[in-house]
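Next come the chains, spelled out residue by residue.
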Amino acid sequence: MTVHLEVEDGVGTLRLDRPPMNALDIATQDRLKELAEEAARREDVRAVVVYGGEKAFAAGADIKEMQVMDHTAMVLRARALQDSFTAVARIPKPVVAAVTGYALGGGCELALCADYRIAGDNAKLGQPEILLGLIPGAGGTQRLARLIGPSRAKDLIFTGRQVKADEALALGLVDRVVPAAEVYAEAHAWAARLARGPALALRAAKEAVDTGLETDIDTGLAVERNWFAGLFATEDRERGMRSFVEEGPGKATFL
């Protein structure tokens, strides 16, 4: 299998495993979707790390596989390609991308599906599809523009250039840069801390933010309002408020 789901201490790691560069062929895309949906369902998975290993996150699609596909073949495949990445984006739990080495094309688009991105100082990110006479097809034109703004996204998409970790941080394409050898440990620690948090409130926060970005502010406020009120029916809310009153802030433990 080219993608694995490993679970430890409430953290599920979606590990890409297609040496040498984790090229995202059709089989890998389908497996990614399958395991992302499994991570979404499993109660023992409370946060997720997406990781490609020490050398590369994912260097993009399998170009040799795509080269032999004609227009009809890609019309039939394009939705499944997007759906495999959207399955990661819609995991209703905190998701962090641990990016080492190359995250290009589909690899960059996969990182964009995470809620937070920790990159190694050896990371290189970009959307080089234009150099193939194409555009990003797995969400890059949409998620990248929403993350870093349209003009910066157009610069990366129009030129196909790669950016190193320090520029990616300045652009807002990644959120933290650490030594490459520490990327997975830092990402797992981020996920593990949130895995100990109130699962339903984290799900609500993620849905409210993501929905708000995709719609008008009145609809977003309605989603926020409904989740906010609904959380008053949860045991986690009772635990959190009781702990605050009795022990002070930040000391609650959640089931």
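**Observations regarding the overall build of the protein chain**
Inference 1: The number of helices and strands found in the protein chain is eleven helices and nine strands.
Inference 2: Over its C-alpha atoms, taken along the principal directions, the protein chain stretches across nearly 65 × 40 × 35 Å.
Inference 3: Classification of the 255 residues of the protein chain by burial places 43% in the buried group.
Inference 4: Here the analysis covers contacts within the protein chain between residues at least 6 apart in sequence; of these, 69% occur between residues at least 24 apart.
Inference 5: Counting only carbon and sulfur atoms, one obtains 55% of the accessible surface of the protein chain, whose full area is about 13300 Å².
Inference 6: The positive charge centre, built from 31 side chains, and the negative charge centre, built from 37, are 1 Å apart in the protein chain.

**Description of helix 10 (residues 217-230)**
Inference 1: With 14 residues, helix 10 ought to run about 20 Å at 1.5 Å a step, and its terminal C-alpha atoms sit 20 Å apart, in line with that.
Inference 2: Those residues of helix 10 not exposed but buried are G220, A222 and V223. In a view along the axis of helix 10, the buried residues occupy a sector of 160 degrees, so they form one face of it. In helix 10, the exposed positions that point more than 90 degrees away from the buried face belong to I217, D218, R225, F228 and A229.
Inference 3: Buried residues along helix 10 sit in contact with helix 9 (199-214).
Inference 4: At the N-terminal boundary of helix 10, the capping side chain belongs to D216, with an oxygen 3.1 Å from the backbone nitrogen of D218.

**Regarding the sheet that holds strand 5 (residues 102-104)**
Inference 1: In space, the three strands of this open sheet follow the order 5-7-8, with mixed pairing throughout. Among the strands making up the open sheet, the edge pair consists of strand 5 and strand 8 (162-164). Strand-to-strand twist in this sheet, taken as the mean axis angle between neighbours without regard to direction, amounts to 20 degrees.
Inference 2: Two strands pair when backbone bridges link them, and strand 7 (residues 124-126) and strand 8 are joined in this way by three bridges, in the antiparallel orientation. In the sheet register, G126 faces strand 8, and the bridge partner there is Q162.

**What to know about a nonpolar patch on the surface**
Inference 1: On the surface, a nonpolar cluster with roughly 260 Å² of combined accessible area is contributed by I63, L132 and L134.
Inference 2: Locating L132 in the fold gives a position in the loop between strand 7 and helix 5 (140-148).

**Description of the nonpolar core**
Inference 1: Ranked by internal contacts, the top residues of the largest apolar core, which has 45 residues, are F57, L125 and L173.
Inference 2: Broken down by element, the residue count for this core peaks at five residues, all from helix 3 (residues 71-89).
Inference 3: For L173, the contacting residues outside a window of four places in its chain are C108, L112, R117, L125, L144, L147, I148, L156, V163 and A168.
Inference 4: In this structure, V96, A98, W190 and A195 belong to the second largest nonpolar core, which totals 15 residues.

**A short note on the packing of helix 5 against helix 6 (residues 150-159)**
Inference 1: Remark: helix 5 packs on helix 6, axes separated minimally by 7 Å, with the N-to-C direction vectors making an angle of 135 degrees. By the angle between their directions, the pair helix 5 and helix 6 is classed as oblique. Crossing of helix 5 against helix 6: the hand is right-handed. Counting all contacts with helix 5, which are made through G140, T141, L144, A145 and I148, the residues of helix 6 involved are P150, R152, A153, L156 and I157.
Inference 2: Of the residues assigned to the contact of helix 5 with helix 6, the class counts are seven nonpolar, two polar and one charged.

Conventions adopted
Residues numbered from 1 in each chain as written. Predicted model: local features only at pLDDT ≥ 70, side-chain atom pairs only at ≥ 80, totals over all residues. Heavy atoms only, no water. Helix = DSSP H or I, 4+ residues; strand = E, 2+ residues; numbered from the N terminus. Buried < 20%, exposed > 50% of the residue type's maximum accessible area, 1.4 Å probe, protein only. Contact = heavy atoms within 4.5 Å. Areas by Shrake-Rupley, 256 points an atom, 1.4 Å probe, with all protein chains shown as cover. Lys, Arg positive; Asp, Glu negative; His and termini not counted. Charge placed at Lys NZ, Arg CZ, Asp CG, Glu CD. Expected span 1.5 Å × (residues − 1). Arc of directions from axis to C-beta. Polar contact = N/O pair within 3.5 Å; in protein donor to acceptor, adjacent residues only side chain to side chain. Pairing = 2+ DSSP bridges. Axes fitted to C-alpha atoms, helices over the stretch in contact; angles between N-to-C directions. Patch = residues over 30% accessible without salt bridge, like charges linked within 9 Å, V, L, I, M, F, W, Y side chains within 5 Å. Salt bridge = Lys/Arg side-chain N within 4 Å of Asp/Glu carboxyl O. Core = buried A, V, L, I, M, F, W, Y, C linked by side-chain atoms within 4.5 Å. Parallel < 35°, antiparallel > 145°, perpendicular 65-115°, else oblique. Left-handed = near helix turned anticlockwise from the far one by under 90°. Nonpolar A, V, L, I, M, F, W, Y, C, P; charged D, E, K, R; others polar.

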